[in-house]
Amino acid sequence: MEAEDVAVYSGYTISATFWLLLTTAVGLLLSFKFPYPDWATSPLLSFGRLRAIHTNGTFYGWATIALVGSALFVAARSSGVAIAAKRSAWIGLVCFNAAALFGTITLDLGLNYGDQEYREWLWPVRLIFVAGLVFSGLSLVRTVAAREEREIYISNWYTIGGFVFTIILSLVALFPWYQKGLGQVAVQAFFMHNAVGMWFTFLALGVTYYALPKLLNRPIYSYSLGILGFWTNLIFYPIIGAHHFEFSPLPWWFQTLAIVFSVGMLVPVCAGTANFALTMRGHGERIRRSYALPFIVVGIAYYFLGSTQGTVEAFRSLQAIWHFTNFTIGHSHATMYGFITFIAWGAIYALLPRATGKEPAALATGLHFWFATIGVTFYVLSLAVGGTLQGITWASGDPFIASVDAVAPYWVGRAVAGSMMFLAHVIFAYNVWRMTLGPNTQRAGWGTARSAALSQ
Amino acid sequence: MSRGMNNAWAIVAVSALVYGALAVVMGVIPGWALSGTTPTRGLRPLLPAAERGRDIYVSEGCAYCHSQNVRPLKQDLVFGRPSVAGDYAYATPELLSDHRNGPDLSNIGARQPSAIWQYIHLWNPRAVVHDSIMPQYPWLFSVKKTPVRGDEVVPLPAGFAPPNEVVVTTEDSRDLVAYLESLKQVPLGASGRNR
């Protein structure tokens, strides 16, 4: 394997890990501000500014950089070539890091465009991010275009698609001419959901379609189910955004359309989950003995659970209770953490040691897995229960502060869960060091029998 | 290189075409159509002080906990009448929000007309609402040994004022409170929907 391919993948993973540590430390601080609102009172550490740093930083610093690194590596390996246009891949990484850095600083100074979730960064910062998408996307497409096989492997459909959708989406969200008042609400409904489902979902599914069969050493169950998932996700997902603004003055039919297609999303979700589950069928023993596979299994489980939760949440009868509550914060962690982040970890543990020839520490990987899995599950359950209680106190006509009192113990639970998750990230960072810059432990080059035994 | 969908650039082109069309239909056109919503009858653009206060509201991320979107549901009527499209005609960036860790503020100017209460609450929310989890905003105020002429001293309850000092308003806190006081829903005309 070409040494610079290894350097590109390592560079992306190390950058991503830095942003994971920083922005989840911010998330942890935020979670403690619920039980201790007087703690860390300072403009630079205030809830209203740090919240956007946590969300944008985890989205664009951590998850984006981690999954793009894996996507580039998957494109090269599945095409049987080296990563093409490496300079472009490096410039992309510089842009992503610069955007996350400037975005974090400007948000902390109180510079934003209101609570336009996941697009709070100032427009020049967002343009730097788009440039990152264009440069790294170019490297990805040129790698696939240079392949030796005739067929384009299904992974690359998903990852190339993700880049194209997200570049278009970012530009649509950037221009101000059709975003005034309620018009901006309509664009925001479109943007915030697509930023998740047309970018992270496509990248995560793409790398799963490569890492899972590779780890199991058997082909994916069905290529056709993968293609079905691709097209249905592409057609249905852009229509469901308005379910974030149910009962708002957005046109009623527009909201209804979003609810109908939220149910339609069960098609790609079931297609993807079934495809992965059937690929794994009968290989329980292999999963138990691998350190990468458990992350992917949890990721797939949360893909299914988080997505069906989203469908159920969209029904008006339930949205009437759950909208505005912390239930939605639990949902976004089930998906962006349980699904996306676990897949990002699974892909890194599956592929990075094969690239660098350095293995992570077995005990540390186990601790990472269990702290993160128990942490996120406790997190999602805490806010599911707490959020439901919030909604019920409102519906029963209690004074507003009763909803705060009702959810308060669950906020403590969330802070405990968040602490476990952050601990997992510190352990992961240690493992990333072991897999990249750390001392040579094993020589486990790509394709050797030894690496196959060690990484499974 | 092979042809059809086995070509990487064909995937790029078809993805761009399909998603580009969806983005126009589901994003750009609804945005464009609703950007021209007629203001609710009687709604006025904000005065300059309230406009500056709105910038502070945006800057401090108040919308991560406070919605400005009263739904046509029984549990929301405590916050005011259900919001209508025309209420947001002058509201860019929009602040509807999908979080309600604190109450909805669509009509807070009518529900809590006291500027003094707002100042005390911004200095330390726990001074007026014991179980509140809202952050303090001391950087919107100035703390002095003795107030000078023209200073507006915030009458803080015992235990919440800094010892031997007084808390006075600044332009920031006055603007923010001017914005909060401006948040009054205009009644809908007899003609009904007023959209």
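Residues numbered from 1 in each chain as written. Chains lettered and ligands numbered in written order. Predicted model: local features only at pLDDT ≥ 70, side-chain atom pairs only at ≥ 80, totals over all residues. Heavy atoms only, no water.

What follows covers the overall build of chain A. Along chain A, the regular secondary structure elements total 16 helices and zero strands. Computed over its C-alpha atoms, the radius of gyration of chain A comes to 21 Å, within 12% of the 23 Å expected for a compact globule of 456 residues. Seen along its three principal axes, the alpha-carbon backbone of chain A occupies a region of about 65 × 45 × 40 Å. Side-chain charges in chain A split into 25 positive and 17 negative, and the spacing between the mean points of these groups amounts to 9 Å. (Helix = DSSP H or I, 4+ residues; strand = E, 2+ residues; numbered from the N terminus. Rg over C-alpha atoms; globule rule 2.2 N^0.38 Å. Lys, Arg positive; Asp, Glu negative; His and termini not counted. Charge placed at Lys NZ, Arg CZ, Asp CG, Glu CD.)

Our focus in this paragraph is the interface of chain A and chain B. If you look at the interface, chain A gives 82 residues, while chain B gives 71 residues. For chain A, the biggest contributors to the area lost against chain B are Asp115, Pro249 and Phe324 of chain A; these three give 12% of the whole. Counting every contact that joins chain A to chain B gives two salt bridges. Of the charged contacts, one joins arginine 126 of chain B and aspartate 38 of chain A as a salt bridge, the two residues approaching to 2.5 Å between their closest N and O atoms. Taken together, the links from chain A to chain B amount to 20 residue pairs in polar contact (both at pLDDT 80 or more). (Contact = heavy atoms within 4.5 Å. Buried area = accessible area lost by both parts, 1.4 Å probe. Salt bridge = Lys/Arg side-chain N within 4 Å of Asp/Glu carboxyl O. Polar contact = N/O pair within 3.5 Å; in protein donor to acceptor, adjacent residues only side chain to side chain.)

Turning our eyes to something else, we now look at the confidence of the model for chain A. Should pLDDT be low for a region, the predicted coordinates there are not to be read in detail. Scored by pLDDT, chain A comes out at a mean of 95, with 97% of its residues at no less than 70. When the criterion is pLDDT under 50, residues 444-456 of chain A qualifies, and its contacts beyond four places in sequence or with other chains add up to 30 contacts. (pLDDT = per-residue confidence, 0-100.)

Residues and elements named next belong to chain A. Looking at the secondary structure, you find leucine 363 in helix α14 (residues 362-395). On the accessibility criterion, leucine 363 (67% relative accessible area) is exposed. Sequence-wise, leucine 363 and isoleucine 220 are 143 residues apart; in three dimensions their C-alpha atoms are separated by 30 Å. (Buried < 20%, exposed > 50% of the residue type's maximum accessible area, 1.4 Å probe, protein only.)

Residues and elements named next belong to chain A. Its place among the elements puts aspartate 108 in helix α3 (residues 86-108). For aspartate 108, which is buried and forms no salt bridge, the nearest opposite charge comes from arginine 49, at a distance of 5.6 Å. In contact with aspartate 108, other than residues within four places in its own chain, are Leu44, Arg49, Leu50 and Ile53.

Once that is clear, we can look at the confidence of the model for chain B. Looking at chain B, the pLDDT average stands at 94 and 94% of residues meet or exceed 70. Scored by ipTM, the complex comes to 0.94, with pTM at 0.95.

Taken as a whole, the largest pocket holds about 930 Å³ of empty space. What lines the largest pocket is a set of 43 residues, and nearest its centre among them are His66, Gly102, Pro103, His121 and Met134 of chain B. Elements that contribute at least two residues to the lining of the largest pocket include exactly α2 (47-79), α14 and α15 (400-435) of chain A together with α3 (108-111), α4 (115-123) and α5 (171-182) of chain B. Among the elements that make up the lining of the largest pocket, the one with the highest residue count is α4 of chain B (four residues). Among the residues forming the lining of the largest pocket, the class breakdown is 27 nonpolar, 11 polar and five charged. As for the second largest pocket, its lining consists of 21 residues, and the residues nearest its centre are Leu43, Leu46, Asp87, Ser182 and Leu183 of chain B. Breaking the lining of the second largest pocket down by element, the ones donating at least two residues are α2 (48-59) and α5 of chain B. (1 Å grid on protein atoms, 1.4 Å probe; cavity = no way out; pocket = protein on both sides within 12 Å on 5 of 7 lines; lining within 4 Å. Points joined across faces, edges and corners; volume = space filled by probe spheres on them. Nonpolar A, V, L, I, M, F, W, Y, C, P; charged D, E, K, R; others polar.)

Residues and elements named next belong to chain A. Direction vectors running N to C along helix α8 (residues 252-264) and helix α9 (residues 266-280) enclose 15°, while the axes themselves pass 5 Å from each other. Here α8 lies roughly parallel to α9, going by the angle between them. Residue-level inspection shows Ser262, Val263 and Gly264 of α8 in contact with α9, the latter providing Leu266, Val267 and Pro268. Per-class residue counts for the contact of α8 with α9 are four nonpolar, two polar and no charged. (Axes fitted to C-alpha atoms, helices over the stretch in contact; angles between N-to-C directions. Parallel < 35°, antiparallel > 145°, perpendicular 65-115°, else oblique.)

To continue, consider the nonpolar core. Soluble, globular proteins show a tendency: their nonpolar side chains are buried together. Formed by 162 residues in total, the largest nonpolar core has its most connected members in Tyr12, Trp62, Ile160, Leu250, Phe342 and Trp345 of chain A together with Tyr19 of chain B. With 24 residues, helix α6 (residues 182-216) of chain A is the largest single contributor of residues to this core. Sequence-distant contacts of tyrosine 19 of chain B, defined by excluding residues within four places in its chain, comprise Phe165, Ile168, Leu169, Phe190, Asn194, Met198, Leu234 and Pro238 of chain A. Grouped together as the second largest cluster of nonpolar side chains are 26 residues, Tyr57, Ile120, Trp123 and Val177 of chain B included. (Core = buried A, V, L, I, M, F, W, Y, C linked by side-chain atoms within 4.5 Å.)

The next subject is empty space enclosed by the protein. To find the voids left in a structure, one rolls a probe of water-molecule size over its atoms. Residue and element names in this part refer to chain A. Within the structure shown, the criterion is met by seven cavities of 30 Å³ or more. Taken together, 16 residues make up the lining of the second largest cavity; nearest its centre are Tyr60, Tyr118, Phe129, Ser170 and Phe191. Mapped by element, the contributors of at least two residues to the lining of the second largest cavity are α2, α4 (123-145), α5 (154-174) and α6. The residue makeup of the lining of the second largest cavity, split by class, is 11 nonpolar, three polar and two charged.

Within the secondary structure, alanine 52 of chain A is located in helix α2. Classification of alanine 52 of chain A as buried rests on a relative accessible area of 3%. For the pair alanine 52 of chain A and tryptophan 121 of chain A, spaced 69 residues apart in sequence, the C-alpha separation works out to 8.7 Å. Setting aside residues up to four positions removed in sequence, alanine 52 of chain A forms contacts with Gly57, Leu107 and Glu120 of chain A together with Tyr64 of chain B.

The subject of this paragraph is helix α13 (residues 327-356) of chain A. All names here are of chain A. Across its 30 residues, α13 extends 41 Å between first and last C-alpha, which sits within 8% of the 44 Å expected from 1.5 Å per residue. The principal kink in α13, of about 25°, is found at tyrosine 349, preceding the proline proline 353 by one to four residues. Within α13, 29 of the 30 residues are buried, leaving the element largely enclosed by the surrounding structure. One or two steps after α13, the chain reaches glycine 357, where phi turns positive at roughly 75°. (Expected span 1.5 Å × (residues − 1). Bend = angle between axes of the 7 residues up to and from the residue.)

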